[in-house]
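# Examining the three-dimensional arrangement
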Amino acid sequence: MRGIFISMEGPDGSGKSTQIELLKKYFEDKGTECIITREPGGTRISEAVRAVILNKDYTEMDYMTELLLYASARAQLVSEVILPALEEGKCVISDRFVDSSAVYQGIARGLGVDTVYEINKYATRGRFPDKTFLLDLPAEVGISRKKKQAELDRMEREALDFHERVAAGYREMAERDTERIVRIDATKSVEEIHAAIIEEVEELIK
């Protein structure tokens, strides 16, 4: 049986973690084994790379270095976790995937979306999610939420205009790929967002 690959995208503070857990329970209630991954991270090597990327002291990190580090962490995750799980017919839900790099590094950092996808073609072995959910939230709302939760990492500490470029970039990506990326208003209630996601998922698995 072919596995199902879903990614959850959105600006920082958009509520991805909550929706991922609810979606995992939905699949498990239907008898489908489901694993959750996160980016960057999800494997021993990828988590080590994550620690470098998000270290708030590494303010001098070059944008291309940042992009390549994300791709490296992703390559290990795809090889070690995502592809084997999909081959076993499991559901994989990833907290961020290539679209994050396209937005954060390609658009907000100005490296170019095409550059990001060309590099990540190798990192992902050409495997994209079957469906991507974009939790769309104004940048200032998301960062305000993050500040209440914990100490901010290197990416979260960027200026508001960077996060505004990220939010706008996600909307641009959703317009580029309306077949795969589903844009959902993340200012709605948790229940309303979950219902919108499930409606799309049930169409996907028919």
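Refer to the structure above for everything that follows.
These notes cover the structure that comes with them. From a predicted model like this one, the values you see are computed outputs, not experimental measurements. (Residues numbered from 1 in each chain as written. Predicted model: local features only at pLDDT ≥ 70, side-chain atom pairs only at ≥ 80, totals over all residues. Heavy atoms only, no water.)

What follows deals with the overall build of the protein chain. Within the protein chain one finds eight helices and five strands. Mapped from its N terminus to its C terminus, the protein chain presents α and β elements in the order β-α-β-α-α-β-α-α-β-α-α-β-α. A compact globule built from 206 residues should have a C-alpha radius of gyration of about 17 Å, and the protein chain, at 16 Å, falls within 12% of that. Scored against the burial criterion, the 206 residues of the protein chain give a buried share of 51%. (Helix = DSSP H or I, 4+ residues; strand = E, 2+ residues; numbered from the N terminus. Rg over C-alpha atoms; globule rule 2.2 N^0.38 Å. Buried < 20%, exposed > 50% of the residue type's maximum accessible area, 1.4 Å probe, protein only.)

It is worth spelling out the environment of Met61 at this point. In this fold, Met61 is placed in the loop between helix H2 (44-53) and helix H3 (63-87). Leaving out residues up to four positions away in the same chain, Met61 has contacts with Val52, Ile53, Glu66, Leu69 and Arg154. (Contact = heavy atoms within 4.5 Å.)

Turning our eyes to something else, we now look at the pattern of salt bridges. Applying the stated criterion to the full structure yields 21 salt bridges. Two residues, Arg154 and Glu66, come together in a salt bridge whose shortest N-O distance is 2.7 Å. Within this pair, whereas Arg154 is found in the loop between helix H6 (139-149) and helix H7 (160-176), its partner Glu66 is found in helix H3, the two being separated by 88 residues in sequence. Comparing Arg154 with Glu66 shows no difference in burial state: the two are buried. As a salt-bridge pair, Asp130 and Arg127 come within 3.6 Å of each other at their nearest N and O atoms. Of the residues examined, Asp130 reaches a relative accessible area of 18% and is grouped as buried. For Arg127, a relative accessible area of 18% puts it in the buried group. One network of salt bridges, in which partners are shared, links Glu66, Arg109, Arg154 and Glu158. (Salt bridge = Lys/Arg side-chain N within 4 Å of Asp/Glu carboxyl O.)

Bringing the sheet that holds strand E3 (residues 91-95) into the picture now. Taken in spatial order, the five strands line up as E2-E3-E1-E4-E5 in an open sheet, and their pairing is parallel. Two strands close off the open sheet at either side, each with one partner strand: strand E2 (34-38) and strand E5 (181-185). Geometrically, the sheet is characterised by an average inter-axis angle of 20° between neighbouring strands, direction not taken into account. The sheet contact formed by E2 and E3 spans five bridges and is parallel. (Pairing = 2+ DSSP bridges. Axes fitted to C-alpha atoms, helices over the stretch in contact; angles between N-to-C directions.)

A word on the packing of helix H4 (residues 98-108) against H7. Taken N-terminus to C-terminus, the directions of H4 and H7 make an angle of 125°; their axes are 9 Å apart at the nearest point. The pairing of H4 with H7 is recorded here as oblique in orientation. Relative to H7, the crossing made by H4 is right-handed. Along its contact with H4, which presents Asp99, Ser100, Ala102, Val103, Tyr104, Ile107 and Ala108, the element H7 presents Phe162, Arg165, Val166, Gly169, Tyr170, Glu172 and Met173. (Parallel < 35°, antiparallel > 145°, perpendicular 65-115°, else oblique. Left-handed = near helix turned anticlockwise from the far one by under 90°.)

Let us look at the side chain of Thr124. Here Thr124 shows up in the loop between helix H5 (113-123) and strand E4 (131-136). By relative accessible area, Thr124 is classed as buried at 0%. If we skip the residues at most four places from it in the chain, Thr124 touches Arg74, Val78, Phe97 and Val98.

Below, the discussion takes up the packing of aromatic side chains. Applying the stated criterion to the full structure yields five aromatic pairs. Pairing Phe5 with Phe97 gives two aromatic rings, centres 5.0 Å apart and planes at 85°, and the pair type is edge-to-face. Taken as a pair, Phe5 in strand E1 (residues 4-9) and Phe97 in the loop between E3 and H4 lie far apart in primary sequence, 92 residues in all. Each of the two residues, Phe5 as well as Phe97, counts as buried. Pairing Tyr104 with Tyr170 gives two aromatic rings, centres 6.4 Å apart and planes at 80°, and the pair type is edge-to-face. (Phe/Tyr/Trp six-rings, centres within 6.5 Å; stacked < 30°, edge-to-face > 60°.)

The next thing to look at is unusual backbone geometry. Omega for the bond connecting Glu39 with Pro40 falls within 30 degrees of zero, at -15°, which places this linkage in the cis form. On the secondary structure map, Pro40 appears in the loop between E2 and H2. Backbone geometry places Arg96, a non-glycine residue, at a positive phi of 80°. The topology assignment puts Arg96 in the loop between E3 and H4.

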